[in-house]
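What follows is the residue order along each chain.
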Amino acid sequence: MNATDRSAPTSAIRRIFSADHETIGKQYFALSALMLLVGGLMALAMRWQLAWPWTEMPIVGRILFPDTGRVISPGFYTVLFTMHGTIMIFFVIIPLLTGAFGNCLIPAMIGAREMAFPRLNMWSFWVMIPAIACLVAGFFVEGGAASSGWTGYAPLSTVAEAAPGSLHGQTLWLMALTLSGVSSMLGSINYVTTIATLRVSGMTMMRLPLTVWGLLTAASLQVLALPVLTAGGLLQLSDRIVHTGFFTPSNLVIGGAYPDITGSTGGSPLLWQHLFWFYSHPAVYVMILPAMGMVSDVLSVHARKPVFGYRPMVWALAAICVLGFLVWGHHMFVSGMSPAAGTAFMLSTFLIALPSSVKVFNWLATLWGGRIHLTSAMLFAIGFVALFVVGGLSGIALAATPVDVYVHDTYVVVAHFHYIVAGGTLLAIFAGTYHWFPRIFGRRLDERLGRIHFVGTFVLTNCVFLMMHQLGLAGLMRRTADPYAVDLFAHLRPVNVFITWSAIGLFVWQFFFVANLIVTWRRARTSAENDPNPWRAASLEWSAFDPAMRVVRGPYEYADPGAPEDWKPQSEPGVNAGAGVVHRVSSPPSK
Amino acid sequence: MSRIPGRRTRARGVSLARLLEGSLAAWVLVVGLGACDFEPGAAPMRYDLAPSTVEATKSAGKVREQMETSLAAGFGTPGDPRYGPDPTWQGIDLDHPERAVPEGSGEIDAAHRDALRKSNITAFARALSDLKSGDLAGAGSSVKHRAPDLGRALAPGVAPDAARALVEGWYPSLRESAELYRQECLQCHGVEGGGDGPMSWSLKPRPRDFRNGIFKYTALEAQSRPRRDDLLRTLEEGVPATSMPNFQRLSATEREGLVDYVRLLSIRGEVERALVARWKEEDDLTPAAFSEELGLVWDRWKRAPEKLVAFDGPVPPSTPERIARGDALFHDPLKANCASCHGAAGLGDGFASFKIDVHGKREPAYIDAWGRPIAPRNLRDGLFRGGSRPIDVYRRIYAGIPGGPMPAMGHTKDAQGVSMLSDEDMWCLVHYVRHLAHLPEAP
Amino acid sequence: MRFVVALLIVALVAAGAWSFAVASAHGWWMPRQVSSYGGEVDRLFGVIGWIIAFFFVVVLGALAWIVVRGSAKRADRARFVHGDARIEMAWTLVPFAILVTIAFMQLSTWNTIQAERAHNGPPLARVLAAQFDWRFQYPGRDGRFDTADDFEVPYRLVVPVNERVVLALQSRDVIHGFFVPAFRLKQDVVPGTVLTTWFEATEPGDYDLVCTQLCGFGHYRMSGKIKVVARADYDAWIEQQERDLESNGREAQR
């Protein structure tokens, strides 16, 4: 099954600290799944508080707040959403897409035996462990974990007196973020180099599967933007520890305390926002570009039809990659930034909507006239398209500055990015999992359970996030521990209760996916599973690794009426290079 | 579902899959039913003895038990707080302070009650409109969140007029106020009002510990217990430059209820301290001893209105001359001597208020009534904890700030027994201090 | 299964339409606007909302339809097509035109809200945001700040109706967000700098003010009111506050 001919590992240590890209990919899968569970439980705790504030919270309340009615404290709520955001972004979505899928798919899809830097690759995974250790350690230091939101806005984050988590937790949070940044950086350098140098012969850039394109653009974004966040993080660390004043204004009075900010002669809180969003907006695209690529692959394979407009799809990815650097200011329309800058960022934000819309239309066109097999993978991919449309469209309203002024920092924003990341990317990750599971683990997931998993996940995801738009339009602000503390929002309670029940349902529903893994693992291997290419997919990862093979066409050659079967594999078996076979240049996939 | 090449049914695991599908329907049913009327509450809480009490009675388990029993009998539990078996023993119905008692101690009077009625109408506007449309159940459910007892009182069968009167004339029971306290105050001030809630440790200054009956920012002489109005003022205005916010979000009636409950916590704490002191002299704590101490404590609270600090005649306006004179008094070591603590520039860095420890680090020299280091206020940051009106500042200077080293200048006399500062002197200081607050802050 | 998928997508469209249709009846919607530029914002939102709704229905409807048709076992093979430059061009240029139109449509409103703030005259009051309270400082009778007749009020900002009100937003601790839903007004309050914002309320009444930028554990409870009153009432209120400032503590309860 596995195409690589790596030698058998000799010891457990070698197996664990493996430089083999597939092992690392699986390790990323396991770690991210664990973090997904943690982040999901945090989301449930938040939902409990939002539906029934200041009531006994199951388990958590009993352990952490035994004396005050088993009710979580508002400080703990701020820790919850800070950690939920941080974990989901930096320890679930990004590692799953780039770490797990990147490692498992990139070499296989470009016909490489290994990554360009296998040992660097191993380090990129193992750096995640101290990163998570730092994150977890935050819960055990005085003051608790970071509580200034995943955005860590100064001076809330830089001044110890400003928030409980800013005492020590924020320092650990910054360390965790920096370490995970190092991990992403190592991984991204590796991916870019691998894709640039290790493509098998004939694999031109315009024959790369869109998944690889998505991962390449995401890795490029990481390589270029991460240093800015790391630098910003170090500046914030120095603000916190040696009391420099990069982001901390002078003469602060917090409560009745005069924080020790001796070095500060008037730092700028907005500077942190600029540095932070200069990375974190591209990070949003890091979280969606690989998903877009994966969905394009899944749609094409299971619709048995070439991707419609391969080149525009690639250009759209590239355009998002470039424009992604120019739109960070749209997070700051109400921050007091110059209105002229706001106008510029508004225009670039409208522009970045364009490639995304082109991609959606191309996905529709890919499906149109296809011979659609509604496998679990396909269902999740279709679900991704539907939810991405919702998230993308609400993005247009958010881009219009006067409207954004109203909905900024309300639940409209929460709904918007959860539709993209939780609805969109997570569904794409499930699509990818169902699709590539046979390739990675040599087994096929149960289709029946997979379909049940999809239906519930799709319905409940919408139940959770759809009505958040209305909450936001009613003015409900984000990160509020008790929406009903202000009379203005008291009538929103039924909506929040509904959302909470839906969230509990969505969480429990993932049980079907876990059950699927267990069922698949427990049952006997079927004869069908000896088939290395169950979907009859054309791209390279489904064919046996062969260093001499030659790629002769694009990855999406399905439904060619002139071919004996409805698919033509991307490569032809290796021939002796000395035999004088003429290099066959096939036409690029997009005509 | 069309079949793709190579797809086969599974050999095993089918039964498990079917089982899962079957469980689905059951699960949806259970959750659906559960979701219908699910209203969780907080787990029961208890009043614990203060750490100092536990420490003092470490070797006397029996006394501690007696103390706990009598305090529980006298004040109930956080879920059901009350004043003893007979709440009217001191000439006032402490459980129902809105019921005016003829010889009462300035508790809520009729005119005040009308204001509360208005605030009820605003707070329960939705419930009242439900009542108007004859929807008793709707009204009941919309008040339940704010006033559980009232929600229960609006049971089906109540005549609309009676229901309306109930809502408009609502005054929270101690139980309702305790519930509101739990949601609004407990996270900082703690279950017993000890200033030790889950968030308290992160605040500077720490939340007030009600248990010794000292409230810093009142309109009264030092050492007296606060009036209702003093506590209400704190709830309405908050205390700037601390973490105490204002509570105008709540209706006036709800704030009155919180005052009732804070007073209960404070009295409970004072009685607890008194019992500890008493036990050190006597061996046994009888119920009679408890009643006696409770009576003494309540007497102090009842006398509060007599201790108002006010000025007769119009407040002298701020003039450059008064400010200049205030400046001189402020810095004069033989007069007000404010600069020794508050610093020459009013930055709160005077030499007398700090000591240098062995590491050369500056530490506050004074300890407050709660055992914590206390530094003088920076008068330049423009934030007045006890209010920024001239009369507020006057009260701070005249009566000092209880619980801390700020002296009552109005009572400070020199060796000849003559007041150090005349009234005019104090007004000059008031205007100088307010003038300091308007100066640009030194970097 | 294809009908299930189509049903799911159609249900999403229906749920979306339903949730927006019923939302305003339950108040799960923008509160009624009462400021001079609120109407402009609402109109803009309406236009963009309908454009979004149109594409929402069309794109998801097309998706459902394509899935139903495509998963029927009609053809032996899918259509063999790699793309079409004309169609690509069309669905690049049409959205581009729409997006650019929207972008330029809202510039004037943005200008009204933001750019005009520079020449709006002296502030009526200072907004002092602190964890977790709004306080408002008025210059008093003399109209000048930092003089003896300044006074501060917590929670409730009183402003005259139908007059342009400029506010100076200040914070001494962390970033707060000054958000008045009924005015469609939001502006962060950033420590270390004084930002101004403005509005003109068109109806007397009490309007809610909340904090939208995470400011610590009490963020949820940081709220206030904007009380809009007639000019005469406003002047009377200022006068009353000034008298309160001169209180000798005898006649007032507090």
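For the structure, see preceding data.
The rules we used
- Residues numbered from 1 in each chain as written.
- Chains lettered and ligands numbered in written order.
- Predicted model: local features only at pLDDT ≥ 70, side-chain atom pairs only at ≥ 80, totals over all residues.
- Helix = DSSP H or I, 4+ residues; strand = E, 2+ residues; numbered from the N terminus.
- Rg over C-alpha atoms; globule rule 2.2 N^0.38 Å.
- Buried ≥ 20, exposed ≤ 12 C-beta atoms within 10 Å, placed from the backbone.
- Contact = placed C-beta atoms within 7 Å.
- Nonpolar A, V, L, I, M, F, W, Y, C, P; charged D, E, K, R; others polar.
- Pairing = 2+ DSSP bridges.
- Axes fitted to C-alpha atoms, helices over the stretch in contact; angles between N-to-C directions.

(A) Region of the structure containing the overall build of chain A. Within chain A one finds 19 helices and two strands. Taking 25 Å as the expected radius of gyration for a compact globule of 591 residues, we find that chain A reaches 24 Å, a close match to that expectation. Along the longest, intermediate and shortest principal axes, the C-alpha atoms of chain A span 85 × 55 × 50 Å. Across the 591 residues in chain A, those meeting the buried criterion constitute 68%. Intrachain contacts of chain A at a sequence separation of at least 6 include 79% that bridge at least 24 residues.

(B) Up close: the interface of chain C and chain A. Counting residues at the interface gives 87 residues for chain C, matched by 100 residues for chain A. Within the residue set of the side of chain C that touches chain A, elements represented by two or more residues are helix H1 (2-26), helix H2 (38-70), helix H3 (85-105), helix H4 (107-113), strand S6 (176-180), strand S7 (185-189) and strand S9 (205-211) of chain C. Looking at the side of chain C that touches chain A, the element that brings in the most residues is H2(C), giving 15 residues. When the residues that make up the side of chain C that touches chain A are grouped by side-chain class, the tally is 52 nonpolar, 24 polar and 11 charged.

(C) How the structure looks around the sheet that holds strand S1 (residues 125-130) of chain C. Residues and elements named next belong to chain C. Read across the open sheet, the five strands follow the order S3-S2-S1-S5-S8; overall the sheet is mixed. Two strands in the sheet have a free side with no partner beyond their single neighbour: strand S3 (151-154) and strand S8 (195-199). Taken pair by pair, the neighbouring strands of this sheet meet at an average axis angle of 30 degrees, ignoring direction. By the bridge criterion, five bridges tie strand S5 (residues 165-171) to S8 in an arrangement that is antiparallel. Each residue of the ladder has a partner; that of leucine 167, found in S8, is threonine 197.

(D) Seen up close, the pairing of S1(C). All names here are of chain C. Counting buried positions along S1 gives five out of six residues, so the element sits mostly inside the fold. Examined bridge by bridge, S1 and S5 share five bridges and lie parallel to one another. Bridging from a neighbouring strand, alanine 125 pairs with leucine 167 of S5. Sheet analysis places S1 next to strand S2 (residues 133-138), joined by five bridges and oriented antiparallel. Residue pairing across strands places alanine 129 opposite tryptophan 134, the latter belonging to S2. Hairpin connection, S1 to S2: the antiparallel pair is bridged by two residues.

(E) Layout of the interface of chain B and chain C. Listed by partner, the interface residues are 30 residues for chain B and 27 residues for chain C. Breaking the side of chain B that touches chain C down by element, the ones donating at least two residues are helix H11 (228-237), helix H16 (390-399) and helix H17 (423-438) of chain B. Looking at the side of chain B that touches chain C, its residues break down into 12 nonpolar, 10 polar and eight charged.

(F) Geometry of the sheet that holds S7(C). All names here are of chain C. One open sheet holds the five strands; their spatial order is S4-S10-S9-S6-S7, and the pairing between them is mixed. Every other strand in the sheet has two partners, leaving strand S4 (156-160) and S7 as the edge strands with one partner each. Neighbour to neighbour, the strand axes of the sheet diverge by 25 degrees on average, direction disregarded. Pairing geometry for S6 and S9, over two bridges, is antiparallel. Residue phenylalanine 178 lies in a different strand from S9, and its bridge partner there is cysteine 211. Running over the sheet, helix H5 (residues 231-245) touches S4 and strand S10 (223-229) and is turned about 130 degrees from S4.

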